[in-house]
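Structural features, examined
Here's the letter readout for the chains.
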Amino acid sequence: MQGGAEIRQDLVLVGGGHSHALALRMLAMKPIEGLRITLVSPASHTPYSGMLPGLVAGHYSFEQVHIDLARLCQWAGVRFLVAEVTALDPMTRQLSLAGRPPINYDLVSIDIGSQPELDTVPGVRAHAVPVKPVADLWQRWQALQGRLLAQAGMDYRVAMVGGGAGSVELAMAMGNRLADKSVSIDLWCGAPEILQNYNARARRAVMAALQRQGIVVHLNARVERVEQGCLVMADGARPVYDELFWCTGAAAAPWITASGLRTDGGGFLAVRDTLQSLDDDRVFAAGDIATQVNHPRPKAGVFAVRQGPVLAHNLRALLLDKPLRNHRPQQRFLSLISLGGKQATADKGPFSAAGRWVWRWKDRIDREFMSRFEELPGSMPMASWGCLPELAGAERQQPCGGCGAKVDADTLGSVLAQLSRQYPEHCRGNGDDAAAIPSTGASTVVQSLDVLREMVADPWQMGRIAANHALSDLYACGARPVSALAAVTLPFAGSAILQRELRQLLAGALHEFAAVDCCLTGGHSMQGPELSLGFVVNGTPLAQDQRLLSKRGLAPGDLLVLTKPLGTGTLFAAHMQLLADGRDISAAVESMLQSNAVAAELAVTHGASACTDITGFGLLRHLLEMLDADHCARLQLAQLPLLSGALQQLRCGIVSTTHAANARAGKVLCREGQVDEARMQMLFDPQTSGGLLIGIAADRAPVLRDALRQRAYAQAEIIGEVLLREPGDAPGVVVR
Ligand SMILES: Cc1cc2nc3c(=O)[nH]c(=O)nc-3n(C[C@H](O)[C@H](O)[C@H](O)COP(=O)(O)OP(=O)(O)OC[C@H]3O[C@@H](n4cnc5c(N)ncnc54)[C@H](O)[C@@H]3O)c2cc1C
């Protein structure tokens with residue numbers, strides 16, 4: 001929440017383009033009291049177009065060229081929703097999202113860029129690689145490089161259709177990258193010349209560079225149709241290609257026109273000089289998707305960048321009832337075109353220059369732009385990754401959300417032990433997550449309760465994670481969920497905002513409950529200083545006459561199967577400190593969203609001997625709960641399935657706030673040979689909506705692991721074995 005007070009208004013930023021990235025940074029520097037900002041983007045990383053050709057040419061890494069929106073939002077205190085907007089209804093102030101419930105706004109801003117026109121020439125959608133979305137282009141480009149590497153000496157024909165700055169830059173970047181390969185590149189341009197709005201000297205410099213690289217430029221060459229492996233030209237020629245890239249004029253997302261708001265002739269949202277829709281003051285737009293009707297300009301990132309500060313000012317002004325500012329885009333703008341290698345040309349009005357120094361100039365401008373999103377005020381620079389020598393003092397950290405916020409096992413255990421002595425008949429729980437309800441004569445009912453503090457800012461995802469997390473206790477018993485009661489605390493907010501929040505949270509939970517036919521029968525909600533969400537869940541055995549699974553029941557010789565990767569504790573601790581990569585956080589969220597329902601079914605049908613779910617106490621403590629007095633276990637640390645980035649964070653000393661308490665159980669560990677210390681620390685990492693740890697006879701374990709992998713638990717793994725503890729042996733867990 002921005003401003004720390006009751007939330008009264010929702011500003012939704014659709015798309016993480018250049019203007020929004022800048023505006024978001026500016027709005028965060030001076031929060032507006034009572035305003036909640038949400039950014040919606042289909043991916044955690046958004047590309048900076050100026051450096052894109054440099055990425056393809058191999059001058060920059062993926063990270064250097066992309067803004068990590070997840071990290072930016074975490075820094076800014078902005079909610080980040082990984083989602084794609086599919087419709088805008090200005091009447092109800094509602095945005096539809098692909099595959100999830102709609103969200104509402106009080107003020108919306110759109111900066112979703114544009115894509116090459118794919119529907120005017122038949123066959124383009126089916127056969128060509130559009131240069132946007134960049135994520136897809138990058139994937140296809142890497143695949144192409146892989147193919148060329150695997151089949152050295154293969155002749156390959158790359159076709160680029162375009163003629164504007166983007167296409168010539170990309171063609172030369174590709175040429176530079178593939179210079180040592182047997183690849184020909186053809187640039188097909190329907191116009192009489194490339195770079196139509198550039199001055200003649202800049203055009204000549206670019207043509208000369210294309211020629212030097214052996215890129216064949218075809219002018220007045222209109223593509224009429226695209227077929228598999230060949231272009232069909234207006235003059236009937238049928239040049240062949242192996243890979244076709246499409247970089248023609250920009251097109252707008254169709255939902256902009258479908259919103260009913262006025263657009264220009266091309267379907268781009270028509271905006272005034274304040275960047276507001278002609279028809280609705282509460283709808284702003286910037287970047288490629290907007291056309292300033294008084295000052296139309298070509299679609300280029302430089303304009304989107306210039307609009308960012310005006311957009312930030314005007315959003316703030318509208319919310320605070322202050323005067324809005326008019327934006328007048330520049331008539332002439334400096335265009336710097338990279339020429340494949342570390343050379344570039346500059347073009348502004350009649351001025352042009354070319355050479356290595358122009359590339360260095362462009363490189364400096366681009367890096368300066370990107371540094372604004374890397375070096376966020378008050379954050380630790382990313383460059384310090386990997387240099388913390390040991391585990392940091394977790395006590396100084398803000399408490400983690402999710403399971404990192406759990407009361408530690410020792411505290412819980414001692415309180416319950418005391419109370420059960422005091423109330424032997426009524427306090428029977430020993431700290432287990434789920435237990436059978438004392439018999440009432442009816443069939444067995446298992447009940448459990450789990451509550452999480454906010455750990456992801458997206459309320460729909462939070463609802464899904466909290467539901468899965470609570471249901472996991474039932475799955476670990478081999479039970480089928482039947483009903484649930486919710487316990488919700490919502491941050492203080494106006495009634496409209498409360499309703500939006502509650503709807504998203506419960507819709508997320510119901511998405512999971514409905515998938516397993518579990519009924520949300522009621523609950524309790526209240527307001528408080530921070531969000532928390534939990535569920536009491538009830539279940540019955542998966543099948544009639546089936547005995548429930550229990551933590552206990554392991555036999556010596558059993559193998560231990562873990563269904564999901566570890567690492568949510570360290571990753572989210574890193575995320576809170578702005579040290580995590582947004583892609584790792586997205587992958588961790590995906591893992592938390594995965595239900596254990598199917599894993600439980602497989603555990604039961606394969607005859608598991610014992611089972612538990614891995615939550616806040618970390619793997620080691622949960623394993624210890626499973627071991628009888630005459631058992632010990634041996635774990636293969638190298639076999640532990642891990643989330644991407646988790647080990648790197650642990651090696652850097654980034655741990656969740658409950659890690660230290662969990663690590664107290666580490667005294668039972670016995671090292672066999674040289675062990676990887678960071679992997680060992682992973683045994684103490686608290687998990688939210690973690691996997692099941694299943695004990696099963698050795699001959700059935702590989703079958704269960706393979707079945708799990710086939711049913712979407714891609715990282716399921718056999719991680720260790722149960723051993724008989726001979727009298728006199730120290731109790732414990734051997735790690736190697
Ligand atoms: C190869 C190439 C090189 C270029 N080089 C330059 C250059 O050097 N200089 C220059 O000025 N211009 C350049 N351009 C043009 C430039 O890419 C665009 O003008 C610029 O990216 C537009 O910025 P934007 O802020 O409008 O949106 P973008 O930067 O395109 O960002 C849009 C964002 O919105 C997200 N999004 C899209 N749809 C949705 C949705 N439905 N819901 C939610 N989010 C959505 C996208 O994932 C993306 O993150 C180049 C283009 C190409 C193809």
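Computed from a predicted structure; not experimentally measured.

A few words now on the overall build of the protein. For the protein, the count of helices and strands is 22 helices and 36 strands. Since a compact globule built from 736 residues should have a radius of gyration of about 27 Å, the 29 Å found for the protein is in line with a globular shape. Its C-alpha atoms put the protein at 90 × 65 × 50 Å along the principal axes. Every one of the 736 residues in the protein was classed for burial, and the buried ones make up 56%. For the protein, the proportion of contacts with a sequence separation of at least 24, taken over those separated by at least 6, is 76%. Accessible area for the protein stands at about 30700 Å²; split by element, carbon and sulfur atoms hold 52% of it. Taking the 68 positively charged and 70 negatively charged side chains of the protein as two groups, their mean positions are separated by 7 Å.

Surveying the vicinity of the ligand reveals 32 residues, the closest of which are His18, Thr46, Asp111, Asp288 and Gly301. Between an oxygen atom of the ligand and a main-chain N or O atom of Gly113, the distance comes to 3.5 Å. Interatomic distance of 2.8 Å between a backbone N/O atom of Gly301 and an oxygen atom of the ligand. For the shell around the ligand, the secondary structure elements donating two or more residues are helix H1 (18-29), strand E2 (35-41), helix H7 (165-177) and helix H10 (301-320).

Let us now look at the environment of Ala191. When you line up the elements, Ala191 lands in the loop between strand E13 (183-189) and helix H8 (200-212). For the pair Ala191 and Gly162, spaced 29 residues apart in the sequence, the C-alpha separation amounts to 9.1 Å. Each residue touching Ala191, except ones within four places of it in the same chain, is listed here: Gln196, Leu219 and Asn220.

Below, the discussion takes up the environment of Arg372. Locating Arg372 in the fold gives a position in helix H11 (residues 356-374). Looking at Arg372, the relative accessible area reads 37%, which means it is partly exposed. The residues touching Arg372, leaving out its near neighbours within four places in the chain, are Leu22 and Arg25.

With that out of the way, let us pick up the nonpolar core. Ranked by size, the top nonpolar core spans 110 residues in total, and within it Leu72, Leu88, Leu95, Val168, Val206 and Phe245 carry the most contacts. Looking at which element gives the most residues to this core, the answer is H7, with seven residues. The contact partners of Phe245, leaving out residues within four places of it in the chain, are Val129, Leu137, Trp141, Leu144, Val158, Ala159, Met160, Val161 and Met174. Ranked by size, the runner-up nonpolar core spans 99 residues in total, among them Val456, Leu490, Leu571 and Val722.

Viewed as axis vectors pointing N to C, helix H13 (residues 459-476) and helix H14 (residues 495-515) meet at an angle of 45°, and their least axial separation amounts to 7 Å. Taken together, the axis directions place H13 and H14 in an arrangement best described as oblique. As H13 packs across H14, the resulting crossing turns out to be right-handed. Facing Pro459, Trp460, Met462, Gly463, Arg464, Ala467, Asn468 and Leu471 of H13, the residues of H14 in contact are Glu501, Gln504, Leu505, Ala507, Gly508, Ala509, His511, Glu512 and Phe513. Tallied by class, residues from the contact of H13 with H14 come to nine nonpolar, five polar and three charged.

Turning our attention to the sheet that holds strand E7 (residues 94-97). A sheet is described by the order of its strands in space; here three strands give the open sequence E6-E7-E8, paired in antiparallel fashion. Lying at the two open borders of the sheet, with one neighbouring strand each, are strand E6 (85-89) and strand E8 (100-104). Across the sheet, the axes of successive neighbouring strands diverge by a mean angle of 20°, strand direction being ignored. Here E6 runs beside E7; their pairing, made up of four bridges, is antiparallel. Each residue of the ladder has a partner; that of Ala87, found in E7, is Ser96.

Calculation notes
- Residues numbered from 1 in each chain as written.
- Predicted model: local features only at pLDDT ≥ 70, side-chain atom pairs only at ≥ 80, totals over all residues.
- Heavy atoms only, no water.
- Helix = DSSP H or I, 4+ residues; strand = E, 2+ residues; numbered from the N terminus.
- Rg over C-alpha atoms; globule rule 2.2 N^0.38 Å.
- Buried < 20%, exposed > 50% of the residue type's maximum accessible area, 1.4 Å probe, protein only.
- Contact = heavy atoms within 4.5 Å.
- Areas by Shrake-Rupley, 256 points an atom, 1.4 Å probe, with all protein chains shown as cover.
- Lys, Arg positive; Asp, Glu negative; His and termini not counted.
- Charge placed at Lys NZ, Arg CZ, Asp CG, Glu CD.
- Near = heavy atom within 4 Å.
- Polar contact = N/O pair within 3.5 Å; in protein donor to acceptor, adjacent residues only side chain to side chain.
- Core = buried A, V, L, I, M, F, W, Y, C linked by side-chain atoms within 4.5 Å.
- Axes fitted to C-alpha atoms, helices over the stretch in contact; angles between N-to-C directions.
- Parallel < 35°, antiparallel > 145°, perpendicular 65-115°, else oblique.
- Left-handed = near helix turned anticlockwise from the far one by under 90°.
- Nonpolar A, V, L, I, M, F, W, Y, C, P; charged D, E, K, R; others polar.
- Pairing = 2+ DSSP bridges.

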